[in-house]
Amino acid sequence: MQIERIGTVRAALGECPVWDAARGRIWMADCRAGQILAVDPDSGAARHWQLPAPLGSFAFNGDDELVVALKERFALFNTSDHALRTVAHIGDSHPNLRLNDGVAMPDGSFVAGTMHIHRQEGEPPRGGLYRLDTQGRLSRIAQGLGVVNGPAPDPTGTYFHVCDSAQRKIFRFWMDTDGSLREREVFVDTEALGSAPDGCCFDAAGGLWTALVHAGAIARFDRQGRLDRRIELPARHPASLCFGGEGLDDLFVTSISDSGRLSADGPLDGALLRVRGIGQRGAPRPRCRIRL
């Protein structure tokens, strides 16, 4: 197994890596800076786009368009002419509330959740988990999640997994064909691993990988939620990960240098890392198909 740095990227809050097979690029966000980057994994050359900060997440929505989660709204962003069109607002506003991690769904919709930080003891979290359907209609599909990270449908389309980093738990829902979620249960509690779970992705065998953001490691859990692999990284705060490369057999990991709550100043903190030779291939990830 080999761990290497890709290029010279140093993100404040590196999140949301997405592999672009058509262009052979790894895309990612620096959420605190409001930037989206497309990085050549061989040369390290990077192209940047600036959006309003803070940026929560994004997904591909056609060849030159992204769907993006901004502070309290969803928008479509054209990477060619930089046009930004607001599609929907979550209908909730608070200084400590913003949209966070998101994912493209098999039906072409986009699901993203909020983070509500600095809550008082006993204060319920605002926001929740939101679904933007293929016609641009927004609905809230789950509540009671403090810091949403790593939303991901499993490769079979049966379950939907999502982290609440505030609770240090990964939850699993049954996922209906209309995109609704039901029967939430705890899939993994990462407290014993010394970290909250952050970004997630699935491999083709159904294993769920997550970034252990407080422990400088990534971990894999089998279909029953049992830990079966842990890989230590040379970055203190890995934030998210995805499979990529020609055979979807490399893991790309984003990390944090200064998120506002977590910081580290090591040589690879904030870097984009590639982990080779893990012996797993990733499950293909869908693209959004939102057409207004």
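These figures come from a predicted structure and were not determined experimentally.

## Considering the packing of aromatic side chains
Point 1. All told, the structure shown has six aromatic pairs when counted by the stated rule.
Point 2. Ring centres of F74 and F110 lie 6.0 Å apart, and the angle between their planes is 85°; this geometry places the pair in the edge-to-face category. Within this pair, whereas F74 is found in strand β8 (residues 73–78), its partner F110 is found in strand β11 (residues 110–116), the two being separated by 36 residues in sequence. Across this residue pair, the class does not change: F74 and F110 are buried.
Point 3. Aromatic side chains W209 and F243 sit 6.2 Å apart centroid to centroid with 80° between the ring planes, which places their arrangement in the edge-to-face category. One end of the pair, W209, is in strand β19 (residues 208–212); the other, F243, is in strand β22 (residues 238–244), and 34 residues separate them in sequence.
Point 4. Judged by its relative accessible area of 5%, F243 is buried.
Point 5. Ring-pair connections join several aromatic residues into one group, and the members of that group are W27, W49 and F60.
Point 6. The residue whose ring lies beneath R172 is Y159, and the NZ or CZ to ring-centre distance is 4.4 Å.

## Describing the pattern of salt bridges
Point 1. The full count for this structure, using the stated rule, is 22 salt bridges.
Point 2. R85 is paired through a salt bridge with E65; the nearest N and O atoms lie 3.5 Å apart. Taken together, the residues span a long stretch of sequence, with R85 in strand β9 (residues 84–89) and E65 in strand β7 (residues 65–69) at a distance of 20 residues.
Point 3. A residue is classified by how much of its surface remains accessible, and R85, at 44% relative accessible area, is partly exposed.
Point 4. According to the relative accessible area criterion, E65 is buried, its value standing at 17%.
Point 5. The partner of E232 in a salt bridge is R230, with the nearest N and O atoms 2.7 Å apart.
Point 6. Accessibility expressed as a relative area gives 35% for R230, which makes it partly exposed.
Point 7. When salt bridges with common partners are traced through the structure, they connect E4, D250, R274 and R276 into a single cluster.

## Quick notes on unusual backbone geometry
Point 1. Note the cis peptide between A53 and P54, where omega equals 0°.
Point 2. Within the secondary structure layout, P54 lies in the loop between β5 (46–50) and β6 (57–60).
Point 3. Positive phi is not limited to glycine here, since H118 has a value of about 55°.
Point 4. Within the secondary structure, H118 is located in the loop between β11 and β12 (129–132).
Point 5. With a phi close to 55°, E183 is a non-glycine residue in the positive phi region.
Point 6. Examined against the element boundaries, E183 turns out to sit in strand β17 (residues 181–189).

## A short note on the pairing of strand β18 (residues 197–202)
Point 1. The buried fraction of β18 amounts to six of the six residues, a majority that puts the element mostly inside the structure.
Point 2. Relative to β19, β18 runs antiparallel, the two being bridged by four bridges. Directly across from C201, in β19, lies its bridge partner W209.

## A short note on the sheet that holds β19
Point 1. Ordered in space as β18-β19-β20-β21, the four strands form an open sheet in which the pairing is antiparallel. Each edge of the sheet is formed by a strand with only one pairing partner; in this case those strands are β18 and β21 (227–232). Averaged over all adjacent pairs, the angle separating strand axes in this sheet is 20°, with direction ignored.
Point 2. The pairing of strand β20 (residues 217–221) with β21 spans five bridges and is classified as antiparallel. Considered in β21, the bridge of F221 is made with L227.

## Some words on empty space enclosed by the protein
Point 1. Within this structure, the stated rule accounts for one cavity of 30 Å³ or more.
Point 2. Lining the largest cavity we find C16, P17, D101, G102, V103, G150, P151, C200, S240, L241 and R285.
Point 3. For the lining of the largest cavity, the elements supplying multiple residues, two or more each, are β2 (14–20), β10 (97–104), β14 (148–153) and β22.
Point 4. Partitioning the lining of the largest cavity into residue classes produces six nonpolar, three polar and two charged.

Criteria and cut-off values
- Numbers given to residues run from 1 along each chain, matching the order in which its sequence is written.
- Totals for whole chains, interfaces and linings use all residues, but because this is a predicted model, local features are given only for residues with pLDDT of at least 70 and pairs of side-chain atoms are given and counted only at 80 or more.
- Only hydrogens and water are removed before side-chain values are computed, so all heavy atoms of the structure are retained for them.
- Put simply, two rings from Phe, Tyr or Trp (the six-membered ring, in Trp's case) pair if the centres are within 6.5 Å, and we call them stacked under 30 degrees between planes, edge-to-face over 60, tilted for the rest.
- In this text, helices come from DSSP runs of H or I with a minimum length of four residues, and strands from runs of E with a minimum of two, each type numbered from the N-terminal end.
- Exposure classes here rest on a 1.4 Å probe applied to the protein chains alone. A residue is buried below 20% of its type maximum, exposed above 50%, and partly exposed in between.
- Placement of a positive charge over a ring is assigned whenever Lys NZ or Arg CZ falls within 6 Å of the ring centre and within 35 degrees of the normal to the ring plane.
- Just to be clear on terms, a salt bridge is a Lys or Arg side-chain nitrogen sitting within 4 Å of an Asp or Glu carboxyl oxygen.
- Only strands joined by at least two bridges in the DSSP assignment are considered to pair.
- Note on definitions: angles span 0 to 180 degrees between N-to-C directions of axes, and those axes are lines fitted to C-alpha atoms, for helices only across the stretch in contact.
- In this analysis, the protein atoms alone were mapped onto a 1 Å grid. Cavities are point sets where a 1.4 Å probe fits without being able to get out; pockets are open sets with protein on both sides within 12 Å along at least five of seven lines; lining residues have an atom within 4 Å of a point.
- Grid points are joined across faces, edges and corners, and a volume is the space filled by probe spheres set on the points.
- Classification convention: Asp, Glu, Lys, Arg as charged; Ala, Val, Leu, Ile, Met, Phe, Trp, Tyr, Cys, Pro as nonpolar; all other residues, Gly among them, as polar.

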